[in-house]
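One letter stands for each residue in the lines below.
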Amino acid sequence: MKVGVLALQGAVAEHIRSIERAGAEGVAVKLPEQLSELDGLIIPGGESTTIGKLMRKYGFIEAIRAFAAQGHPVFGTCAGLIVMAKEIEGGEEPHLALMDIQVSRNAFGRQRESFETDLDVKGLTQPLRAVFIRAPLITAVGDQVDVLSTYKEEIVTARQGHLLVSSFHPELTDDCSLHAYFLEMIKSKAGAV
Ligand code: GLN
């Protein structure tokens, strides 16, 4: 099984390491043509406006939308979550507009820039160590979206069929269980459209 990590900006090497720990092959994706050889795609954290601009520049918007429309699982973490959302608070244009969620960028901003916590995530057997860095929050979800975890009653992990998002960075610890969960989504192709 081959999982790509969009390598335009952000935490690419760490995601590849976590995918490999979880038992699949991880590849850095720099060109849209590479998607045809992948079983799933991770969109990493970084800065969503920059990632969105680079995605437009290199033709990734249509390519990733087509990849997801074929039923291939896509996992967005932090800025990756923001670029997958159908709605970004504050009137910003959405990027991929794949998932029926509304997000608020830098939602922890003023209180705490970055922090770590243990989260209970639906579908995982052990609490997950989650690293939040200028993280977004999911402020509303559509009917098809399953909330997998919350932090202080705010939604921080969610799934819609073959689409998965987390507000935090699951690739910055040695715990690869959320990557393993994503690999299971690929294996079962649940929610394929
Ligand atoms: N704050 C960033 C944004 O709005 C996301 C931060 C991250 O990916 N760690 O794009």
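All values reported here derive from a predicted model rather than from experimental measurement.

(A) Structural view of the overall build of the chain. Within the chain, the regular secondary structure consists of five helices and twelve strands. By its C-alpha atoms, the chain is 40 × 40 × 30 Å across when sized along the principal axes. Counting only residues that meet the buried cut, the chain has 46% of its 193 residues in that class. For the chain, long-range pairs separated by at least 24 residues make up 66% of all intrachain contacts whose partners lie at least 6 apart in sequence.

(B) Up close: the UniProt feature "binding site: L-glutamine" (unreviewed entry) in the chain. If you check UniProt for "binding site: L-glutamine" (unreviewed entry), the listed places come out as Gly-46, Glu-47, Ser-48, Arg-105, Ile-133 and Arg-134 in our numbering. These annotated residues cover 89 residues of sequence, and their C-alpha atoms all fall within 12.9 Å of one another, placing them together at a single site. Here Arg-105 shows up in the loop between β6 (99–104) and β7 (114–119). Once residues within four sequence positions are removed from consideration, Arg-105 is found in contact with Ser-48, Ile-82, Ile-88 and Pro-136. Tracing the chain through its elements places Arg-134 in the loop between β8 (128–133) and β9 (137–141). Dropping the residues within four chain positions of it, Arg-134 is found in contact with Asn-106, Gly-109, Glu-113 and Ser-114.

What counts, and at which threshold
- Residues numbered from 1 in each chain as written.
- Predicted model: local features only at pLDDT ≥ 70, side-chain atom pairs only at ≥ 80, totals over all residues.
- Helix = DSSP H or I, 4+ residues; strand = E, 2+ residues; numbered from the N terminus.
- Buried ≥ 20, exposed ≤ 12 C-beta atoms within 10 Å, placed from the backbone.
- Contact = placed C-beta atoms within 7 Å.
- UniProt positions renumbered as here; feature names shortened; annotations may be inferred.

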